[in-house]
Amino acid sequence: MCLFEATNLSVGRGTSAAFQRIGAPWLDAAAVLRAIDALPLAGVRCEGVTFTPELEPHAGERCSGVHLNVLDTRLVRPVAAALRLLTVVRRAHPDAFAWSKYPTAANPSGDGHFLRLLGRDSAQAWMDQSPEQVDEPVLREWTDVSDWSSRVRPALIYADSAAIAR
């Protein structure tokens, strides 16, 4: 659910279920839930909630939202589930949804936060152009980590390369 930090939706910070839910004052949770129910989300169940986050975005505002309950940790694909939920929210609220900056110590400007979280250059542009086309092959590509060790090897200055490959 941290992918939503790069948007104008709350991830429930300051509630008892931070990063288990997303929401906004403008979110039509019923519409999002109807769309989510039609998608394959193994290992999770979504339900509508209302909450008031203590931190931005929407601090102190009552938000309509979606809560993800993990039913089976062996089946759930958390990044794919968050991406599916993100695409459904984008389709349901094309005028209200927005990408947001999220400043951090590593990225003080907050620019490109979604790219930094997901690690895929094309994902945000793809979602902007074709949110309805974020299907299983696209999700598989974006969540594939089989090339992780080769992609990070140049950045590892204190690690044993042989150990990383294992």
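Residues numbered from 1 in each chain as written. Predicted model: local features only at pLDDT ≥ 70, side-chain atom pairs only at ≥ 80, totals over all residues. Heavy atoms only, no water.

K.L.:
Could you give an account of helix α1 (residues 29-37), naming the residues involved and the relevant values?
P.N.:
If you check which residues of α1 are buried, you get Ala29, Val32, Leu33 and Ile36. Down the axis of α1, the buried side of the element spans an arc of 100°, and every buried residue falls inside it. The elements touched by buried residues of α1 are β2 (44-51), β3 (63-70) and α2 (78-92). (Buried < 20%, exposed > 50% of the residue type's maximum accessible area, 1.4 Å probe, protein only. Helix = DSSP H or I, 4+ residues; strand = E, 2+ residues; numbered from the N terminus. Arc of directions from axis to C-beta. Contact = heavy atoms within 4.5 Å.)

K.L.:
Which residues make up the packing of aromatic side chains, and what values go with them?
P.N.:
Applying the stated criterion across every chain, the model contains two aromatic pairs. Both rings, one in tryptophan 99 and one in phenylalanine 114, keep their centres 4.7 Å apart while their planes meet at 50°; by these two values the pair is tilted. Taken together, the positions of tryptophan 99 in the loop between α2 and α3 (113-118) and phenylalanine 114 in helix α3 put the pair 15 residues apart, joining distant regions of the chain. Here the aromatic residues Phe97, Trp99 and Phe114 are joined through ring pairs into a cluster of three or more. (Phe/Tyr/Trp six-rings, centres within 6.5 Å; stacked < 30°, edge-to-face > 60°.)

K.L.:
Describe the sheet that holds β3, and please don't skip the residues or the numbers.
P.N.:
A sheet is described by the order of its strands in space; here three strands give the open sequence β1-β3-β2, paired in antiparallel fashion. One side of each edge strand has no neighbouring strand; the edge strands of this open sheet are β1 (21-24) and β2. On average, each strand axis in the sheet is inclined to that of its neighbour by 20°, with strand direction left out of account. The sheet contact formed by β2 and β3 spans eight bridges and is antiparallel. Looking at the pairing, valine 49 lines up with glycine 65 of β3. (Pairing = 2+ DSSP bridges. Axes fitted to C-alpha atoms, helices over the stretch in contact; angles between N-to-C directions.)

K.L.:
Talk me through the side chain of threonine 7; I want residue IDs and the actual numbers.
P.N.:
Turning to its location among the elements, threonine 7 is positioned in the segment before β1. Overall, threonine 7 belongs to the buried group, its relative accessible area being 2%. Setting aside residues no more than four positions away along its own chain, threonine 7 makes contact with Leu86, Phe97, Ala98, Trp99 and Ser100.

K.L.:
Lay out the pairing of β1 with the relevant residues and their values.
P.N.:
Sheet faces and side chains relate simply in a regular strand, where the side chains alternate between the two faces. Both faces of β1 are covered, namely the face carrying Arg21 and Gly23 and the face carrying Ile22 and Ala24. Sheet topology places β1 next to β3; four bridges connect them, and they run antiparallel. When the bridges of β3 are listed, glycine 23 appears paired with glycine 65.

K.L.:
Describe the packing of α1 against α2, with residues and values.
P.N.:
Viewed as axis vectors pointing N to C, α1 and α2 meet at an angle of 130°, and their least axial separation amounts to 9 Å. Between α1 and α2, the angle is such that the two are oblique. For the pair α1 and α2, the sense of crossing is right-handed. When α1 is examined against α2, the residues Val32, Ala35 and Ile36 are found in contact with a partner set consisting of Arg84, Leu85, Val88, Val89 and Ala92. (Parallel < 35°, antiparallel > 145°, perpendicular 65-115°, else oblique. Left-handed = near helix turned anticlockwise from the far one by under 90°.)

K.L.:
Now, about the layout of surface pockets: what can you tell me, with residues and values included?
P.N.:
Considered as a void within the structure, the second largest pocket measures approximately 150 Å³ in volume. If you go around the second largest pocket, the residues you meet are Met1, Phe19, Gln20, Val44, Leu68, Asn69, Val70, Val76, Pro78, Ala81 and Ala82. If you list the elements that add at least two residues to the lining of the second largest pocket, you get β3 and α2. When grouped by side-chain class, the residues that make up the lining of the second largest pocket number nine nonpolar, two polar and no charged. (1 Å grid on protein atoms, 1.4 Å probe; cavity = no way out; pocket = protein on both sides within 12 Å on 5 of 7 lines; lining within 4 Å. Points joined across faces, edges and corners; volume = space filled by probe spheres on them. Nonpolar A, V, L, I, M, F, W, Y, C, P; charged D, E, K, R; others polar.)

K.L.:
Tell me about the nonpolar core, and name the residues and values.
P.N.:
Of all hydrophobic cores here, the largest spans 32 residues; its most connected members are Ile22, Val66, Leu85 and Phe114. Secondary-structure elements contributing two or more residues to this core are β1, α1, β2, β3, α2, α3 and α4 (123-129). Sort the elements by how many residues they give to this core and α2 lands first, with eight residues. The contact partners of phenylalanine 114, leaving out residues within four places of it in the chain, are Leu3, Ala6, Leu83, Leu86, Trp99, Gly119, Ala123, Gln124 and Met127. (Core = buried A, V, L, I, M, F, W, Y, C linked by side-chain atoms within 4.5 Å.)

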